[in-house]
Amino acid sequence: MATEIPGPITDEICELAHTYKVYLALGLLEKAQGILYDSAILIDDRGGIVLKYRRINPGWHSDRVPKKLYCEGKYFNTANTPFGRIGYAICGDLFADEVIQMIRRERPDYLIVPMSRSFGGDCWCREDWHLSKKGVYAKQVKRAGVTSFLINGLESGTDGSFGGALIIASSGDILAELVIGQEGILIYQVTPNH
């Protein structure tokens with residue numbers, strides 16, 4: 001399932017970005033020199049990868065996996081775009097003090113946060129998401145101080161990622177939300193002052 005960056009899969013996606021003149025942001029499992037990373041890339045409207053980020057928080061894998069195979073990134077960086085400076089944090093990175101400090105130092109205009117949250121194994125349910133869990137994410141975004149786009153994968157089955165998306169202002173206010181459990185597109189006009 002892992003892919004090189006750049007590699008055949010990302011080359012195809014870059015070509016789509018170029019063809020349709022759009023920026024694309026996506027998370028993927030990266031394979032580099034026999035090592036796996038939980039990564040994300042930003043592709044510009046000319047089809048170039050302008051930002052690659054590797055998750056810093058190790059919570060994406062079990063403690064029992066080989067440490068030389070499953071690795072983490074060390075750096076938070078940003079990319080300048082026509083709509084502001086963009087940075088990434090992947091899922092649990094929002095709960096790592098080290099990453100929050102890096103984000104606050106770099107001060108991007110926007111943060112993209114790909115996630116893969118599910119109800120399986122966690123002792124919580126759909127109601128918990130609405131009553132408290134999404135509020136926990138909003139508090140973490142406020143700590144980071146950056147308007148953030150949280151996008152959760154959507155998989156079929158009861159143990160898969162439950163989908164949904166949130167746009168959260170730097171103040172921690174939820175600006176827009178895509179309902180969990182349904183396919184859809186979330187559109188919202190943001191300004192760098194949020």
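Rules used throughout
Residues numbered from 1 in each chain as written. Predicted model: local features only at pLDDT ≥ 70, side-chain atom pairs only at ≥ 80, totals over all residues. Heavy atoms only, no water. Helix = DSSP H or I, 4+ residues; strand = E, 2+ residues; numbered from the N terminus. Rg over C-alpha atoms; globule rule 2.2 N^0.38 Å. Contact = heavy atoms within 4.5 Å. Areas by Shrake-Rupley, 256 points an atom, 1.4 Å probe, with all protein chains shown as cover. Lys, Arg positive; Asp, Glu negative; His and termini not counted. Charge placed at Lys NZ, Arg CZ, Asp CG, Glu CD. Salt bridge = Lys/Arg side-chain N within 4 Å of Asp/Glu carboxyl O. Buried < 20%, exposed > 50% of the residue type's maximum accessible area, 1.4 Å probe, protein only. Pairing = 2+ DSSP bridges. Right-handed = clockwise from strand over helix to strand, strands pointing away. pLDDT = per-residue confidence, 0-100. Patch = residues over 30% accessible without salt bridge, like charges linked within 9 Å, V, L, I, M, F, W, Y side chains within 5 Å.

Student: What should I look at first to understand the overall build of the protein in this one?
Tutor: Looking only at helices and strands, one finds three helices and nine strands in the protein. Going from the N terminus to the C terminus, the protein shows its helices and strands as α-β-β-β-β-β-α-β-α-β-β-β. In terms of C-alpha radius of gyration, the protein reaches 16 Å, essentially the compact-globule figure of 16 Å for 194 residues. Seen through its C-alpha atoms, the protein measures out along the principal axes to roughly 45 × 40 × 35 Å. Restricting to contacts in the protein with at least 6 residues of sequence separation, those with at least 24 account for 54%. Per element, the accessible surface of the protein, about 10800 Å² overall, is 52% carbon and sulfur. Separation between the mean location of the 21 positive side-chain charges and that of the 23 negative ones in the protein comes to 7 Å.

Student: Would you take a moment to explain the pattern of salt bridges for this structure?
Tutor: When the charged atoms of two side chains lie near each other, side chains of opposite charge can form a pair. Scanning all chains against the criterion turns up eight salt bridges. A salt bridge links R46 to D44; the nearest nitrogen and oxygen atoms lie 3.0 Å apart. For D44, a relative accessible area of 3% gives the class buried.

Student: Is there a simple way to explain unusual backbone geometry in this structure?
Tutor: Most peptide bonds adopt trans geometry, and most residues besides glycine take a negative phi value. With an omega of -5°, the peptide bond running from I5 to P6 counts as cis. The phi dihedral of K21 is positive, around 55°, even though this residue is not glycine. Mapped onto the elements of the fold, K21 is located in the loop between α1 (8-20) and β1 (24-32). Phi at R107 is positive, roughly 50°, even though this residue is not glycine. Along the chain, R107 falls in the loop between α2 (97-106) and β6 (110-115). A residue is classified by how much of its surface remains accessible, and R107, at 64% relative accessible area, is exposed.

Student: Looking at this structure, how should I read the pairing of β6?
Tutor: Regular strands have side chains that alternate between both faces of the sheet. In terms of burial, β6 is a largely internal element, six of the six residues being buried. Every second residue of β6 is oriented toward a common face, with Y110, I112 and P114 on one face and L111, V113 and M115 on the other, all of them buried. Two elements, strand β5 (residues 84-88) and β6, share three bridges in a ladder whose sense is parallel. Along β6, the bridge assignment pairs Y88 with I112. A crossover connection joins β5 to the parallel β6 through α2; in handedness this β-α-β unit is right-handed.

Student: Just checking my understanding: could you explain the confidence of the model for the protein for this structure?
Tutor: The predicted structure's coordinates, where accompanied by low pLDDT, should not be read in detail. Summarising the model, the protein shows a mean pLDDT of 89, and 91% of its residues fall at 70 or more. Within the protein, the lowest mean pLDDT, 84, falls on helix α3 (residues 126-144), and the highest, 98, falls on strand β3 (residues 49-54).

Student: Even after reading the chapter, I still don't get a nonpolar patch on the surface, so can you show me in this structure?
Tutor: Nonpolar side chains collect at one region of the surface, where L16, Y20 and V22 lie side by side and expose about 300 Å² of accessible area between them. In this structure, L16 sits in helix α1. With relative accessibility at 45%, the residue L16 sits in the partly exposed group.

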